[in-house]
Amino acid sequence: MLDFAIDLAHRAGAILRAGQERERSVAFKRRADLVTDIDKASEALIVAAIGERYPGHAILAEEGGAAAGAGEYQWVIDPLDGTLNYVHGMPIYCVSIGLLCRGELSLGVVYDPTRDELFAAEAGRGAFCNGRRLRVSSAAELGHSMLTTGFPYDRFSRADNNLAEFGRLLMKARDIRRPGAAALDLAYVAAGRSDAHWELGLAPWDTAAGALLVREAGGALSDWRGEPWRPGGDRLVASNGHIHAEILREL
Ligand code: IPD
Ligand code: CA
Ligand code: CA
């Protein structure tokens, strides 16, 4: 199944890469939340391939491609994570394919077609980027750490929008980035390129694959209160483990 998911991520990524070269049709889901014909083409490819290969498996995909399924497996798909970057031509976006088995993270693949980087993890078997084993960073203090975060699309209408938390952590960390593709942010924690990612308002497809990458690279996952993070949980702190408690204190 991992080989299947990797091949699928490569094929969907090729659609995203090709789509950057031409005019795209863009529609609004809500303010600042866009969807393009490329999101839909990528999802159609992924959902059709899973349906053909594993007809009994359930599917949850961002743009509505769902299948009920009868067994223990559920695929959780973000066909294009980082749509706003994509629309603006900012080359930070990816495909995210996660697989749950009886509700537990089982495998995760995140593919960045702009750098041809394929991040993959299998529960209990480690995390890899283009075949190279990944480890989270060794940063031991928040003051020496680079963090990433994101802000929810409904931030205009909710008070609880991560601005206060961003302000506090910005004054404690070495610095913070807001790259704009949550699945890739998590892959970068797994790769030790950032020391932690925190966010609220996340959807299951933003986190399914990336969270497993972090766990398999030796990192820590929790909600904002420090309780164990569960697949689908919308508030996530994913870190190298060493700075987790310091981040929770600020949140
Ligand atoms: C979004 C990105 C963004 C995150 C948002 C997500 P989309 O996904 O991952 O970084 O901050 O919460 O919704 O809409 O580009 O697939
Ligand atoms: Ca998306
Ligand atoms: Ca997303």
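For the structure itself, look to the data block above.
Residues numbered from 1 in each chain as written. Chains lettered and ligands numbered in written order. Predicted model: local features only at pLDDT ≥ 70, side-chain atom pairs only at ≥ 80, totals over all residues. Heavy atoms only, no water.

1. A short note on the site of ligand 1
Logical step 1: Near ligand 1 lie 15 residues; those nearest to it are D81, G82, T83, Y153 and E199.
Logical step 2: Between A181 and ligand 1, the recorded distance is 3.2 Å, taken from a backbone N or O atom to an oxygen atom.
Logical step 3: Protein burial of ligand 1: of its 380 Å² of free accessible surface, 94% is covered by the chains.
Logical step 4: A breakdown of the residues in the shell around ligand 1 according to their chemical character gives 5 nonpolar, 4 polar and 6 charged.
Logical step 5: Counting the residues that make up the shell around ligand 1, at least three belong to each of domain 1 (2-133) and domain 2 (142-250). (Near = heavy atom within 4 Å. Polar contact = N/O pair within 3.5 Å; in protein donor to acceptor, adjacent residues only side chain to side chain. Areas by Shrake-Rupley, 256 points an atom, 1.4 Å probe, with all protein chains shown as cover. Nonpolar A, V, L, I, M, F, W, Y, C, P; charged D, E, K, R; others polar. Domains from an automatic or database assignment.)

2. With respect to the packing of helix α1 (residues 2-19) against helix α2 (residues 37-53)
Each pair of packed helices can be described by the angle between their axes along with the distance between the axes.
Logical step 1: The N-to-C vectors of α1 and α2 enclose an angle of 160 degrees; their axes lie 9 Å apart at closest approach. Relative to α2, α1 is oriented roughly antiparallel. Like other packed secondary-structure pairs, α1 and α2 cross with a definite hand, here right-handed. Within the contact between the two elements, α1 uses F4, L8, R11, A12, I15, L16 and G19 and α2 uses I38, A41, S42, L45, I46, A49, I50 and R53.
Logical step 2: For the contact of α1 with α2, a count of residues per class yields 11 nonpolar, 2 polar and 2 charged. (Axes fitted to C-alpha atoms, helices over the stretch in contact; angles between N-to-C directions. Helix = DSSP H or I, 4+ residues; strand = E, 2+ residues; numbered from the N terminus. Parallel < 35°, antiparallel > 145°, perpendicular 65-115°, else oblique. Left-handed = near helix turned anticlockwise from the far one by under 90°. Contact = heavy atoms within 4.5 Å.)

3. What to know about the environment of G65
Logical step 1: As for its position among the elements, G65 is in the loop between β3 (58-61) and β4 (73-81).
Logical step 2: As for G65 and N85, which are separated by 20 residues in sequence, their C-alpha atoms are 22 Å apart.
Logical step 3: Each residue touching G65, except ones within four places of it in the same chain, is listed here: E43, V47, I59 and L60.

4. A look at the sheet that holds strand β13 (residues 220-222)
Logical step 1: Taken in spatial order, the 5 strands make up an open sheet running β11-β10-β12-β14-β13, and their pairing is mixed. On the outer flanks of this sheet lie β11 (175-177) and β13, each paired with one strand and no other. Averaged over all pairs of adjacent strands, the angle between strand axes in this sheet comes to 20 degrees, irrespective of strand direction.
Logical step 2: One ladder, built from 3 bridges, connects β13 with strand β14 (residues 236-239); its direction is antiparallel. The residue bridging L221 from the neighbouring strand is A238, located in β14.
Logical step 3: Strand contacts of helix α5 (residues 182-190): β10 (146-149), β12 (196-199) and β14, with the helix running at about 150 degrees to β12, the strand carrying the most contacts.
Logical step 4: Packing of helix α6 (residues 204-216) onto the sheet brings it into contact with β13 and β14, and relative to β13 it is tilted by some 135 degrees. (Pairing = 2+ DSSP bridges.)

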